[in-house]
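# Descriptive structure summary
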Amino acid sequence: ALLGGAMGKLQSKVSFHPAKYRADGSVEETGPVRAARQLGPVHTDAVAAVAALTPDLCVSGGRDKSVAVCRWRSGAALRRFVGHQREVTKVTSAHDSNRVFSASRDKTVMMWELHRTSGPSQRFPGHDLVVTGLAVSPDALQLCTGSRDNTVCKWDIETGECLGRAAISRNLVTHLCWVPGGPYVVQTSEDKTIRVWDSRQLQVAHAFPAQRHIQTSCDVSPDGRLCLSTSSGCAGEGGEATLWDLRQTRDRVQEYKGHFQTTTSCIFLPRGPALAPSIATASRDSTVKVWERDTGGRG
């Protein structure tokens with residue numbers, strides 16, 4: 001449950017050469033494999049969330065109720081924010097800023113300033129249960145949050161004012177992602193549905209067909225054209241990731257099957273000049289898999 005050690009192992013495996021690690025678990029023998037770097041612990045208990053802050057910094061939160069900012073290359077912790085009363089469930093940051101946001105089981109969201117020495121610079125109370133979704137608008141002016149209380153809320157970051165609140169029965173939010181360059185927010189739910197919200201009126205603009213299993217997380221491509229969702233699973237049933245088209249067709253584009261337990265997170269990987277577009281998924285089966293985005297890792 002140590003962020004430093006986990007990040008060191010993941011960095012050594014994935015960033016060294018993503019093409020070497022296929023989704024079927026085989027390894028392409030093209031050169032020496034780096035030894036995993038063991039970095040010092042950042043948290044004193046399980047880490048629940050991690051996100052990029054700058055190219056050199058990342059932010060994390062966990063069961064020790066704290067939020068930490070560290071250099072991912074060295075593992076050095078720069079800041080540690082304490083203020084939540086219960087476990088931190090999600091963290092994110094505002095684009096091109098020093099602002100960090102954290103959600104918690106204490107039903108609140110807090111904003112932290114990287115160079116501020118005191119407590120949170122803004123609080124966003126209002127949910128009735130644990131906050132499980134957190135996304136910042138591309139212009140860094142608004143915040144969208146979701147909860148197991150079946151609601152999605154929109155906030156003014158500067159004032160902390162709640163600008164809107166929408167409730168849908170059984171919509172237990174699991175994750176939120178703001179679509180780059182637009183007003184739309186993608187949301188996954190325990191009701192097996194992926195919804196696309198229009199943040200302007202805080203209304204559902206589109207809902208993809210319900211999946212077979214709980215949808216646990218999502219990510220949106222940098223160009224805003226595609227989104228990923230992941231599913232719960234057990235003993236080889238479920239656990240798939242799904243690629244969706246966010247444009248007019250809004251079809252399912254690809255499915256990625258290979259995890260044996262719940263797939264907990266997903267990400268679009270930066271594209272190298274000689275590499276096919278790729279994604280990565282992490283699962284409770286103790287694996288991180290890298291897939292070719294357009295083929296599903298087959299061929």
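Residues numbered from 1 in each chain as written. Predicted model: local features only at pLDDT ≥ 70, side-chain atom pairs only at ≥ 80, totals over all residues. Heavy atoms only, no water.

### Looking at the overall build of the protein
Scanning the protein from terminus to terminus reveals 1 helix and 25 strands. The 299 residues of the protein split such that 51% are buried. Restricting to contacts in the protein with at least 6 residues of sequence separation, those with at least 24 account for 41%. Split by element, the accessible area of the protein, about 14,300 Å² in all, is 50% carbon and sulfur. (Helix = DSSP H or I, 4+ residues; strand = E, 2+ residues; numbered from the N terminus. Buried < 20%, exposed > 50% of the residue type's maximum accessible area, 1.4 Å probe, protein only. Contact = heavy atoms within 4.5 Å. Areas by Shrake-Rupley, 256 points an atom, 1.4 Å probe, with all protein chains shown as cover.)

### Here's the deal with the UniProt feature "repeat: WD" (unreviewed entry) in the protein
Mapped onto the present numbering, the UniProt feature "repeat: WD" (unreviewed entry) falls at residues 81-114, 124-165, 173-207 and 256-299. The span residues 81-114 carries 0% helix and 56% strand; its end-to-end C-alpha distance comes to 9 Å. The span residues 173-207 shows a helical share of 0% and a strand share of 63%, and its end C-alpha atoms are spaced 14 Å apart. (UniProt positions renumbered as here; feature names shortened; annotations may be inferred.)

### Some thoughts on the confidence of the model for the protein
Predicted confidence across the protein gives a mean pLDDT of 88, with 86% of residues reaching 70 or more. Throughout residues 25-30 the model reports pLDDT below 50, and contacts reaching past four residues in sequence, or to other chains, amount to 9 contacts. (pLDDT = per-residue confidence, 0-100.)

### Topic: the pattern of salt bridges
Side chains that differ in charge, positive against negative, can pair when their charged atoms come close. The full count for this structure, using the stated rule, is 15 salt bridges. The salt bridge involving aspartate 64 is made with arginine 80; its shortest N-O contact spans 3.3 Å. With aspartate 64 in the loop between strand E2 (57-62) and strand E3 (66-71) and arginine 80 in strand E4 (residues 77-82), this residue pair connects regions lying 16 residues apart in the sequence. Note that arginine 165 and aspartate 128 form a salt bridge whose closest N and O atoms lie 3.6 Å from each other. Separated by 37 residues along the polypeptide, arginine 165 in strand E12 (residues 162-167) and aspartate 128 in the loop between strand E8 (122-124) and strand E9 (131-136) bring together distant segments of the chain. (Salt bridge = Lys/Arg side-chain N within 4 Å of Asp/Glu carboxyl O.)

### Remarks on the packing of aromatic side chains
Under the definition given, this model contains 5 aromatic pairs. Where phenylalanine 81 meets tryptophan 112, the ring centres are 5.1 Å apart and the plane angle is 20°; that geometry is what we call stacked. In this pair, phenylalanine 81 sits in strand E4 while tryptophan 112 sits in strand E7 (residues 109-113), placing the two residues 31 residues apart along the sequence. The class for phenylalanine 81 is buried, based on a relative accessible area of 3%. Tryptophan 112 sits in the buried class, given a relative accessible area of 1%. Members of the aromatic cluster, each reached through a chain of ring pairs, are Phe101, Phe124 and Trp155. (Phe/Tyr/Trp six-rings, centres within 6.5 Å; stacked < 30°, edge-to-face > 60°.)

### Observations regarding the state of the cysteines
A full pass over the atoms with the stated rule returns 0 disulfides. Here cysteine 227 stays free of any disulfide, with the sulfur of cysteine 218 as its closest cysteine sulfur at 7.0 Å. The closest cysteine sulfur to the non-disulfide-bonded cysteine 266 is located on cysteine 218, 6.8 Å from its own sulfur. Given the relative accessible area of 11%, cysteine 266 is considered buried. (Disulfide = S-S within 2.5 Å.)

### A few points about the sheet that holds E7
Read from one edge of the open sheet, 4 strands run E5-E6-E7-E8, paired in antiparallel fashion. What marks the edges here is a single partner per strand, and that holds for strand E5 (88-93) and E8. Strand after strand, the sheet turns through a mean of 20° between neighbouring axes, direction not considered. In terms of strand pairing, E5 meets strand E6 (residues 99-104) through 5 bridges, oriented antiparallel. Its bridge partner being in E6, valine 88 is matched across the sheet by serine 104. (Pairing = 2+ DSSP bridges. Axes fitted to C-alpha atoms, helices over the stretch in contact; angles between N-to-C directions.)

### Considerations on the side chain of glutamate 240
As for its position among the elements, glutamate 240 is in the loop between strand E20 (237-238) and strand E21 (241-245). Those residues in contact with glutamate 240, other than ones at most four positions away along the chain, are Arg212, His213, Ser229, Thr230, Ser231, Glu255, Tyr256, Lys257 and Thr263.

### Let's talk about the pairing of strand E11 (residues 151-156)
Burial within E11 is extensive, with 5 of its 6 residues counted as buried. Between strand E10 (residues 142-147) and E11, which pair antiparallel and follow one another directly, the connecting turn spans 3 residues, one of which, asparagine 150, has a positive phi of 75°. Sheet analysis places E11 next to E12, joined by 5 bridges and oriented antiparallel. Looking at the pairing, lysine 154 lines up with glycine 164 of E12.

### Considering the sheet that holds E10
Taken in spatial order, the 4 strands line up as E9-E10-E11-E12 in an open sheet, and their pairing is antiparallel. The two strands at the open ends of the sheet, each matched to only one other strand, are E9 and E12. For this sheet, the mean angle separating the axes of adjacent strands, direction not counted, is 15°.

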